[in-house]
Amino acid sequence: MKIRLAVPEEAEECWNIRNLSIREGCKPSYCAQVLEAWTPEAMPEHYREVITENPFFVVDLPDVGLVATGYLDLTQGSVEAIFTLPDYFGKGFASLIIETIKDEAIKRGLKQLTLTSTVLVAT
């Protein structure tokens, strides 16, 4: 397993992880219409810019590929886009991403981080 910075060419794969994670993890809390509106197939182009402009981390598993994402929003000082593929829920990858983001924030001299969550998925 490797935690590393994403590259812009991986934006679509990261977007897919986001969508699959929301669709599965939020299914008990939101109706299908809301989930569909929240997770469009077409990735907004600004998502690629987020990867370029912020430390955007991924968990990359050998023989599997990317399974989790998350980034430090440098303009807001916030933890964002913590998503894991449903098959990897509960394996600690989101926690690893958050710890990596916290370490990055410390390196950059940030004294405080914020994180907002819609639902907590405990598996």
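Check the entry above for the structure.
Computed from a predicted model, the values in this text were never measured in an experiment.

Asks: Could you give me a rundown of the packing of helix H1 (residues 11-25) against helix H3 (residues 45-53), with the residues and numbers involved?
Replies: As a packed pair, H1 and H3 sit with axes 9 Å apart at the nearest point and diverge in direction by 105°. Overall, the two elements H1 and H3 adopt an arrangement that is roughly perpendicular. In this structure, H1 contributes Ala11, Glu12, Cys14, Trp15 and Arg18 to the contact, and H3 contributes Tyr47, Arg48 and Ile51.

Asks: Got a sec to walk through the nonpolar core? Specific residues and values, please.
Replies: Counting 31 residues, the largest nonpolar core has Cys14, Tyr47, Ile51, Phe56, Val59, Val67 and Phe93 as the members making the most contacts within it. Those elements that place two or more of their residues in this core are H1, H3, strand E2 (56-61), strand E3 (65-73), strand E4 (78-84) and helix H4 (93-107). Filtering out sequence-adjacent residues up to four positions away, Phe56 remains in contact with Arg4, Leu5, Ala6, Cys14, Tyr47, Val50, Ile51, Thr69, Gly70 and Tyr71.

Asks: Explain H3 to me, using residue names and the numbers behind them.
Replies: For an α-helix, 3.6 residues make a turn, and residues three or four places apart therefore share a direction. Turning to H3, its buried residues number three or more, namely Tyr47, Val50 and Ile51. Angularly, the buried residues of H3 cover 95° about the axis, an arc narrow enough to put them on a single face. Seen from the open side of H3, the exposed residues pointing more than 90 degrees away from its buried face are Thr52 and Glu53. Looking at the buried residues of H3, the elements they touch are H1, E2 and E3.

Here is what the cut-offs are and how they apply
Residues numbered from 1 in each chain as written. Predicted model: local features only at pLDDT ≥ 70, side-chain atom pairs only at ≥ 80, totals over all residues. Heavy atoms only, no water. Axes fitted to C-alpha atoms, helices over the stretch in contact; angles between N-to-C directions. Helix = DSSP H or I, 4+ residues; strand = E, 2+ residues; numbered from the N terminus. Parallel < 35°, antiparallel > 145°, perpendicular 65-115°, else oblique. Contact = heavy atoms within 4.5 Å. Core = buried A, V, L, I, M, F, W, Y, C linked by side-chain atoms within 4.5 Å. Buried < 20%, exposed > 50% of the residue type's maximum accessible area, 1.4 Å probe, protein only. Arc of directions from axis to C-beta.

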